[in-house]
Amino acid sequence: MCTYCGDATIYAREYEGVSFCGKCFRHTIEERVRKTATTYQMLEYNDHVAVAVSGGKDSLTLLNLLVKLEKRFPKSRITAISVDEGIDGYRDEALELAKTACEKLGVEQTVVSYRELFGITTDEIAEMRLGQTPCAYCGVFRRKAINKAADMVGATKIATAHNLDDEVQTILLNMLHGDPLRIVRSSPVLRDPRGRFLTRIKPLCEIPEKEIVLYAYLTGLEFQSVACPHGSEALRNDIRSFLNQMEQKHPGTKFTLNRTAERLRELLAAAAPISHLNECEKCGDPTPHRLCEACTMLQTIAA
Ligand code: SF4
Ligand code: ZN
Ligand code: ZN
């Protein structure tokens, strides 16, 4: 029985010891996203938010939730940014779903492609067998493509659909890669005090992935369910299974890890402030090195 209204239960949230009917479940997700946005001061009344929309469950949920939130701020605006990485038989369907969702919600959409921005596609990178998985390149280029598109449309902020699972997986990945300072740059809100890059926000960072799937299903969102043919991040997959096992045995593990990262960020921010990042010698983007990751990768590809 739903803890809040007594209707039939559809979901038991173990980490809080409560049960939900469909209506109360959707309400709790919307409220949590609103609370995350308020706690981290993610949105301002006159923001133009560029929302990265791939056509997957996370990004379509984010778009729906932000459109709802935005109705409270008549001076704000949303533009969906979709990136075509050039992955045959995969990306086209997702882009179509993203387009339909934007039309339904009355949101403008801008599509940019790796081909036009970088002169190469993810399929072509995969064929080159460069030593790292195509995801390593694809992820870095996506970030850059979203930045460029957000600049093009004149956005004031970029919203991405990283969920709680993505966040805690990334925290452990950074630790296993021996790169703890990167944890500072993966905070729920990333602002550059020197104003060199657009503020990035992650309004879904406190929602577990399985709750996003349920929310998307209950909201009737049509999202892409087939997996990318290049998706083979072995280490991340191992971390995902480990965290899911831990969560099952010890409900709340993911939230605890996320809170630990928050504390680490406060401590590490003093050691590696965002304002101390250099400007990439090629493109001007902030980077802890001489060249940003995307420019370094483009050089490797060209070599
Ligand atoms: Fe790109 Fe990897 Fe994601 Fe496929 S799974 S879209 S290659 S990052
Ligand atoms: Zn209820
Ligand atoms: Zn660069």
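Note on numbering: residues in each chain are counted from 1, in written sequence order. Chain letters start at A and ligand numbers start at 1, both assigned in the order the entries are written. Under the rules for a predicted model, residues below a pLDDT of 70 receive no local features and side-chain atom pairs below 80 are neither given nor counted, while totals for whole chains, interfaces and linings still include all residues. The side-chain values count all of the structure's non-hydrogen atoms but skip hydrogen atoms and water molecules.

Visitor: What is the right way to read the sheet that holds strand E5 (residues 108–113) from this model?
Guide: Each strand in a sheet pairs with its neighbour through backbone hydrogen bonds, running either in the same direction (parallel) or in the opposite one (antiparallel). Pairing is mixed across the open sheet formed by six strands, whose spatial order is E5-E4-E3-E6-E8-E7. At either end of the open sheet lies a strand with only one pairing partner, and these are E5 and strand E7 (189–190). Where helix H6 (residues 134–153) meets the sheet, its contacts fall on strand E3 (48–52), strand E4 (77–84), E5, strand E6 (157–159), E7 and strand E8 (199–201), and the angle it forms with E4 comes to roughly 140 degrees. When DSSP locates at least two bridges between a pair of strands, those strands are taken to pair. Working definition: helices are DSSP H or I runs of at least four residues, strands are E runs of at least two. Numbering for both runs from the N terminus. It only takes one pair of heavy atoms within 4.5 Å for two residues to be counted as in contact. Angles here are taken between N-to-C directions and fall from 0 to 180 degrees, while the axes themselves are lines fitted to C-alpha atoms, restricted in helices to the stretch in contact.

Visitor: Please explain the coordination of the zinc ion (ligand 2) as it appears in this structure.
Guide: Six octahedral donors around a metal ideally subtend angles of 90 or 180 degrees, whereas four tetrahedral donors ideally subtend 109.5 degrees. Note that water is not among the atoms used; donors are N, O and S atoms within 2.8 Å of the metal (3.2 Å for Na, K and Ca), so sites may look incomplete. Around the zinc ion (ligand 2), the donor atoms from the protein are Cys 2 (SG), Cys 5 (SG), Cys 21 (SG) and Cys 24 (SG), and they sit 2.3 to 2.4 Å away. Here the metal geometry follows the donor angles, with tetrahedral for four donors whose angles all fall between 85 and 135 degrees, square planar for four and octahedral for six when opposite donors are more than 155 degrees apart and every other angle is between 65 and 115, and irregular for all the rest. What the four donor atoms of the zinc ion (ligand 2) show is an angle range of 102 to 117 degrees at the metal, which sorts the shape as tetrahedral. One chain supplies every donor for the zinc ion (ligand 2), spaced along it as C-x2-C-x15-C-x2-C. Relative accessibility under 20% of the residue-type maximum defines a buried residue, over 50% an exposed one, and the middle range a partly exposed one, all with a 1.4 Å probe and only protein chains included. For Cys 2, a relative accessible area of 4% puts it in the buried group. For Cys 5, a relative accessible area of 42% gives the class partly exposed.

Visitor: Which parts of the structure should I look at to understand helix H9 (residues 234–249)?
Guide: One turn of an α-helix holds 3.6 residues; hence residues three or four places apart share an orientation. The span expected for a helix works out to 1.5 Å for each residue beyond the first. In this model H9 runs 23 Å from its N-terminal to its C-terminal C-alpha over 16 residues, within 8% of the 22 Å that 1.5 Å per residue would give. What H9 keeps buried is the set Arg 236, Ile 239, Leu 243 and Glu 247. The arc enclosing the buried residues of H9, seen along the axis, measures out at 70 degrees, which places them on a common side. Among the exposed residues of H9, those oriented more than 90 degrees off its buried face are Ala 234, Asp 238, Gln 245, Gln 248 and Lys 249. Of the surrounding elements, those touching the buried residues of H9 are helix H7 (164–176) and helix H10 (253–271). Each C-beta atom gives one direction from the helix axis, and the arc is the one those directions make.

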